[in-house]
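These are the residues of each chain, in order.
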Amino acid sequence: MNNNHKHDQSDHSRRSSEHQHKEQHHEPNEHQHHQHDEHEQHQHVRHEDHHQHDEHQHGNHVMHAGGHDHSGHHGHMVEDFKKRFYISLIITIPILIISPMIQMFMGVSWRFPGDTYLLFLLSSFVFFYGGWPFIKGAKDELSVKNPGMMTLICLAIVVAYVYSTSSTFGLTTTDFFWELATLIDIMLLGHWIEMKSIMGATKALEELAKLMPSDAHLVKESGEIIEIDVTELKKGDIVLVKPGEKVPIDGQITEGETLIDESMLTGESVPNAKQAGDQVIGGSINGQGSVKISVQSVGKETYLSQVIALVQEAQASKSRAQDLANRAAKWLFYGALVVGILTFSAWIALGYSLSFALERMVTVLIIACPHALGLAAPLVIATSTSLAAKNGLLIRNRTAFEGARNIQAIVFDKTGTLTKGEFGITNIHLGNVSSETELLTNAASVETHSEHPIARGITKAAKEKGIQLKEVTDFKALPGSGLQGVVDGKEIMGVSPVYVKEKHLPFDEVRFNQWSQEGKTVVFILVDGQVAGMIALADMIRDTAKDAVQELKDMEVKSIMLTGDNQKVAQYVGKQLGLDEIFAEVLPHQKSDKIDQIQTKEGLRTAMTGDGVNDAPALAKADLGIAIGAGTDVAIETADVVLIKSNPQDVVNIIKLSRVTYRKMMQNLWWATGYNIVAIPLAAGVLMPFGIILDPAIGAILMSLSTVIVAINAKLLKL
């Protein structure tokens, strides 16, 4: 796409002062409308040779089965746990009321004929209905020879149910039905909270597809224009794109000129002036001009389809850390099994009755399944997720969020992340006018007739200073040069450096060159043909960005900027913020490669912060993807964490919250497993020679106490 490097000179192509060397080599084009061209368009080159992919004919039809079905399946599982929890909880209430052990605790006797059989039936329902996910989960874990939390829960509920059922029919003396029911309830609650908090099944591919319009205006050879589905377009077809519409497909403009907003695709902050011969990307938004486009890429060759494939590839390659609680459960399962068998064997060997030995073993196996361990991680996650949301951080992938504590480098996209994505005045130099107010009054009065971001920047600055704009007469655009109008009888012009040089007008070249070297855009304001002053503009840096970068330095986290913008602009922003490293002029498809480079060559655990479609593959590739909330849906859906407030300071808050969340989770896991370390030997009866033996009822109370401690500790995260 060499045409993308072509400079389209219009009334504000004068503003590309950072590319004066380019402007010297191109003749101004005669534009019909008032247009601007800010940056070199190198970042819009669509890569042709990255991967071969298997998408369908068009973005709208890509991978719906993969993304949607998975998301729907996950959502169904969350709802299933929720439903099972509530139904089981309702049935648990009568189980508790008619349970002999609970009545004994309360000092009441509500016994009636057949109550043990009713207790058995209600408990059987809870066991088979509420316990089914754990039984199935244990089967799955054991089928791959990797017992974990599901196997541990299954072991406890099966042993409790079988032993309690035998007591119903007089084979044993004690039942654990109320223990069984509450254990299932709490485990269902824990898993529901956990799954709800991690439900981040990505919709990125669907969101990408939504960017593409489904219809196009096909121009037939006869000149007739018909509506057709985008998937029916072929290479060489001519399509009409009306003002305000999305460009339906990748192609080349054959007729007309306009401004194209590609910010959603490329991250470039300024709409680009386009004319015949220039390339356009499907999904970008057309400005006020109508253009005809010759279709060049269809199906898997389109820019968006290739981005979809990159996102898919990066997501597939991302590993998921094994859950700490599940690992603890795995060893608890083995430990409980060994201790249970040893307990039974030891008491039989010591000459105790079969029923006593069996009761000791069952107590060990039931106590081995801690309510607290099932809630240790989910409660902390739920609390931190809630806390994060209240502070503008939306956690979508808890595994990546938990890993944020180990992040060593944060890569920032520039436009819309470190900067506001809107132009503001950085410098003013006066010529033959008496004050900045007079210069801004004249400039803004004329510029208010333009819709270009740079014109808006000048107008906004004037309004913020309380300047009253004046009436403009005889306004007209100067194709390739700028614009002009009459204010208070004086001819006011806003023109490019090229215009000033062509007219050989004197100006402060030292100051102009300094601003140009900083990547700023310079506008010359002329009054009656003489230079009244220069106004420098740049994409405004966010107020919180500098503090955020400094805090990251204090936390020994490297700050890197990755941008498609030109080197001068990137260096200017990087210098202002004190960034550790800068990658500029990075093409959209190269961003994920840069992340990979930082991860592999520099060996750093990396977070990526961005807001555009071009950032999506990099967000997926990074160890932690952080999307700016004001960005595109696809960037948000691909990310692990979303910053609702678009505040760089929140990147620091993510790492801080991840660290304190991890600390709380470790404390809870120690509480939960510590209870087992103490309770299991007591349940086995190791202190029986000293008259100390853990009764199942006491074990249940200790288990509940452990659960309460874990819950309180999780809630303390808010403090």
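- The protein chain appears in an unreviewed UniProt entry as P-type Cu(+) transporter from Paenibacillus phoenicis.
- According to the UniProt record, the Sequence similarities (unreviewed entry) comment for the protein chain is "Belongs to the cation transport ATPase (P-type) (TC 3.A.3) family. Type IB subfamily."
- According to the UniProt record, the Catalytic activity (unreviewed entry) comment for the protein chain reads "Cu(+)(in) + ATP + H2O = Cu(+)(out) + ADP + phosphate + H(+)".

### Looking at the packing of aromatic side chains
Aromatic ring pairs are defined here through the distance separating the ring centres and the angle between the ring planes.
Here is step 1 of the chain: As enumerated under the stated definition, the model contains 22 aromatic pairs in all.
Here is step 2 of the chain: Here phenylalanine 81 and phenylalanine 134 contribute two aromatic rings whose centre-to-centre distance is 6.3 Å and whose plane-to-plane angle is 55°, an arrangement assigned as tilted. One end of the pair, phenylalanine 81, is in helix 2 (residues 64–98); the other, phenylalanine 134, is in helix 5 (residues 132–143), and 53 residues separate them in sequence.
Here is step 3 of the chain: Among the residues examined, phenylalanine 81 registers a relative accessible area of 6% and is labelled buried.

### Regarding the UniProt feature "transmembrane region" (unreviewed entry) in the protein chain
Here is step 1 of the chain: Here, UniProt's "transmembrane region" (unreviewed entry) annotation points to residues 85–105, 117–135, 147–164, 176–193, 331–350, 362–389, 669–692 and 698–717.
Here is step 2 of the chain: This span, residues 176–193, is 94% helix and 0% strand, and a straight line between its end C-alpha atoms measures 26 Å.
Here is step 3 of the chain: End C-alpha to end C-alpha, residues 669–692 measures 26 Å, and it is 67% helix and 0% strand.

### What about the sheet that holds strand 8 (residues 285–286)?
Here is step 1 of the chain: In space, the 3 strands of this open sheet follow the order 6-5-8, with antiparallel pairing throughout. Each of the sheet's edge strands pairs with one partner strand only, and the pair in question is strand 6 (272–274) and strand 8.
Here is step 2 of the chain: As judged from the 2 bridges shared by strand 5 (residues 258–261) and strand 8, these two strands associate in the antiparallel manner. Across the sheet, aspartate 261 pairs through a bridge with isoleucine 285, a residue of strand 8.

### A closer look at the environment of leucine 537
Here is step 1 of the chain: As for its placement among the helices and strands, leucine 537 is situated in strand 17 (residues 530–541).
Here is step 2 of the chain: Judged by relative accessible area, leucine 537 falls into the buried class, the value being 0%.
Here is step 3 of the chain: Considering only alpha carbons, one finds leucine 537 and tryptophan 515, 22 residues apart in sequence, at a separation of 9.2 Å.
Here is step 4 of the chain: Apart from the residues lying within four places of it in its own chain, the contact partners of leucine 537 are Phe423, Gly424, Ile425, Thr426, Ile454, Gly457, Ile458, Lys520, Thr521 and Val523.

### Topic: the pattern of salt bridges
Here is step 1 of the chain: Applying the stated criterion to the full structure yields 16 salt bridges.
Here is step 2 of the chain: The shortest N-O distance in the salt bridge between aspartate 488 and lysine 470 comes to 2.6 Å. Separated by 18 residues along the polypeptide, aspartate 488 in the loop between strand 14 (482–487) and strand 15 (490–495) and lysine 470 in the loop between helix 17 (453–464) and strand 13 (473–478) bring together distant segments of the chain.
Here is step 3 of the chain: Its relative accessible area of 38% is what places lysine 470 among the partly exposed residues.
Here is step 4 of the chain: Residue lysine 558 is joined to glutamate 581 by a salt bridge in which the shortest nitrogen-to-oxygen separation is 2.9 Å. Here the residue lysine 558 occupies a position in strand 18 (residues 558–562), and glutamate 581 occupies one in strand 19 (residues 581–583), the gap between them amounting to 23 residues.
Here is step 5 of the chain: When salt bridges with common partners are traced through the structure, they connect Asp413, Lys591 and Asp615 into a single cluster.

### Things to note about a nonpolar patch on the surface
Here is step 1 of the chain: Together, Ile93, Ile97, Met104, Phe105, Met106 and Trp110 make up a nonpolar patch on the protein surface, roughly 630 Å² of accessible area in all.
Here is step 2 of the chain: Secondary-structure elements contributing two or more residues to the nonpolar patch are helix 2 and helix 3 (100–106).
Here is step 3 of the chain: Here the element with the most residues in the nonpolar patch is helix 3; it accounts for 3 residues.
Here is step 4 of the chain: Mapped onto the secondary structure, tryptophan 110 falls in the loop between helix 3 and helix 4 (115–130).

What counts and how
Residues numbered from 1 in each chain as written. Predicted model: local features only at pLDDT ≥ 70, side-chain atom pairs only at ≥ 80, totals over all residues. Heavy atoms only, no water. UniProt positions renumbered as here; feature names shortened; annotations may be inferred. Phe/Tyr/Trp six-rings, centres within 6.5 Å; stacked < 30°, edge-to-face > 60°. Helix = DSSP H or I, 4+ residues; strand = E, 2+ residues; numbered from the N terminus. Buried < 20%, exposed > 50% of the residue type's maximum accessible area, 1.4 Å probe, protein only. Pairing = 2+ DSSP bridges. Contact = heavy atoms within 4.5 Å. Salt bridge = Lys/Arg side-chain N within 4 Å of Asp/Glu carboxyl O. Patch = residues over 30% accessible without salt bridge, like charges linked within 9 Å, V, L, I, M, F, W, Y side chains within 5 Å. Areas by Shrake-Rupley, 256 points an atom, 1.4 Å probe, with all protein chains shown as cover.

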